[in-house]
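# Working through the structure, step by step
Chain residues, written in single-letter form:
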Amino acid sequence: MTSTATSGYLDARLVISLRNEECLDLKNGSRRLNRLRRKVYRETPAATRSTGRGTALALWRAFTKKGFCSWCYEFGLTGSITHTVTIVETNGVLQIHDAFFNLTYPLGFHDVLDALRDGRPVAAKTEIRDRKIYLSDPAFESEATVSWLEANADRELDPIDGLRRFEVLWSLEAFIATFPGIEAAYQDLEERGYPRDLRFLMLHPIEMFDGKKSHADPSTMPLLAGRDLTSPLAATRAAVRRVSRELVSERERSTEKDAAIYRLEGERGAAQSDLAAASTEARRLRDQIVQLRAALDDETRRFTAERQTLSRALTEAEAQAIASRVETAALRAELTQTRAEWDAERDGWERDMASLQAAAGLWIEQSSQAVQIARSELNAAASERQQAIAERDRIRANLAARLQAWENSPWRKFRAFFVRAIGKSAWTAPTNGN
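Residues numbered from 1 in each chain as written. Predicted model: local features only at pLDDT ≥ 70, side-chain atom pairs only at ≥ 80, totals over all residues. Heavy atoms only, no water.

## Structural notes on the packing of aromatic side chains
What counts here: A pair of aromatic rings is counted whenever rings of Phe, Tyr or Trp (Trp by its six-membered ring) have centres within 6.5 Å, and the orientation is called stacked for planes under 30 degrees apart, edge-to-face for over 60 and tilted otherwise. The way it works is that DSSP assigns letters per residue, a run of H or I at least four long becomes a helix, a run of E at least two long becomes a strand, and they are numbered from the N terminus.
The full count for this structure, using the stated rule, is ten aromatic pairs. Plain terms: the ring middles of Phe100 and Trp170 are 6.3 Å apart, the flat faces sit at 85 degrees to each other, and that makes the pair edge-to-face. In this pair, Phe100 is assigned in the loop between β4 (93-98) and β5 (103-104) and Trp170 in the loop between β9 (163-168) and α5 (172-178), connecting sequence segments 70 residues apart. Taken together, a centroid distance of 5.6 Å and an interplanar angle of 35 degrees make the contact between Tyr194 and Phe200 tilted. Taken together, the aromatic side chains of Phe100, Phe101, Tyr134, Trp170, Phe175 and Phe179 make up a single cluster linked through ring pairs.

Structure representation (structure tokens):
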């Protein structure tokens, strides 16, 4: 082997050795970062309505404490859904670590953004060996989330301060299953031309924290200044979606216009029919107006004649009224005289009535005494009549008793027998002589 070949071989061995050491250092750095992320994941509980902002900040502190240069990157759609991850630099590579879901990405931060801009979501590497404590507040937690936790948690721990505690594999899939606004977030992504994948939210920066201050302007954000995060594919999809909506809207408007045309044609036909009927009605009304005008003229002439007649009658009535007023005045004078005479006669009648009332009072008093005497005599006559009736009844009873005694006496029987015997002998004596 020549010296040149030996030198080339040694140089190649040196490059391979340096690359192996670099890979080993990178691998060791990634392992340290993964261990820190897993520790923060286990020690930072999730809770009702919690976000990944606090977990990302805790991981940033852990990275910074170990001497790594890191940032907190918040992204998403304000008012819909947001999320925060921690970006750390190791050996010149910007790695994405999500301590809230315990995952990282195999590509660097800028490579992930480029892939998302091209519409190629990068699969995350999720650690499934660790578990997180989920604190559920019964007062605010939805029933769907509680049901999911009860069905998918490894176990439920003893509650603390009224909060239920679940030991669960808290991942992106778990968040999607329990987040109540996930459908609205998906719709917002679709409106912007993205698939129903939350990873595309990284293309919408909200804030970047570099350890000193927070940057809200994408043009001045660390790591993102000067980068265009607009996805041409998403813009095209959004435009197609917008055009599709406009096309559907235009079709609906066209359908409405056709319906309006049909309706207007029907209304035009009806209007024409109504116009023909209105024309016929107008001619009929015109003839009727002519007849009414003739009748009005006749009625006007008749009214003029009646008015003249009534005027003459009114003049005669006024003359008669004047005569009646004169006659009424005379009658009133006569009535006044008659009333005076009647008042005088009434006074005389009242005096005569007073004398008659006095005489009638004396007569009534005398008549009352006579009536009392007559009543006394009547009562005496009635008493005598009662006595006479009682005497008659007594005599009748006495006579009846005597007749009864006579009917039952022996003498009467003997006399009857004797009378029958005499009668019998008188009946038979002429017979014997014959």
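Picking up after the structure, the text goes on.
## Looking at a nonpolar patch on the surface
Under the convention used in this document: A patch is a set of surface residues, each over 30% in relative accessible area and not in a salt bridge, joined within 9 Å for like charges and within 5 Å for the nonpolar side chains Val, Leu, Ile, Met, Phe, Trp and Tyr. The protein chains shown are the only cover counted for residues, whose accessible areas, like all others here, come from Shrake-Rupley with a 1.4 Å probe. In the sections that follow, a salt bridge refers to a side-chain nitrogen of Lys or Arg positioned within 4 Å of a carboxyl oxygen of Asp or Glu. Residue exposure (1.4 Å probe, protein chains only): buried if accessible area is under 20% of the type maximum, exposed if over 50%, otherwise partly exposed.
Together, Trp406, Trp411, Phe414, Phe418, Val419 and Ile422 line one region of the surface with nonpolar side chains, adding up to about 640 Å² of accessible area. For the nonpolar patch, the element with the most residues is helix α8 (residues 410-433), which contributes five residues. Its place among the elements puts Trp406 in helix α7 (residues 232-408). According to the relative accessible area criterion, Trp406 is partly exposed, its value standing at 35%.

## As for the pattern of salt bridges
Following the criterion strictly, the structure yields 26 salt bridges and no others. Across the salt bridge formed by Glu267 and Arg263, the nearest N and O atoms sit 2.9 Å from each other. Taken together, the residues Glu267 and Arg263, both in helix α7 and four residues apart, mark about one turn of the helix. Taking relative accessible area as the criterion, Arg263 reaches 46% and is therefore assigned partly exposed. As a salt-bridge pair, Glu281 and Arg284 come within 2.0 Å of each other at their nearest N and O atoms. A residue pair is termed a helical-turn pair when its members lie 3 or 4 positions apart in one helix, as Glu281 and Arg284 do in helix α7 at three residues. Taken together, the shared-partner salt bridges connect Glu183, Glu190, Glu191, Arg196, Arg241 and Arg245 into one network.

Shape is all these values report; function is a separate question.
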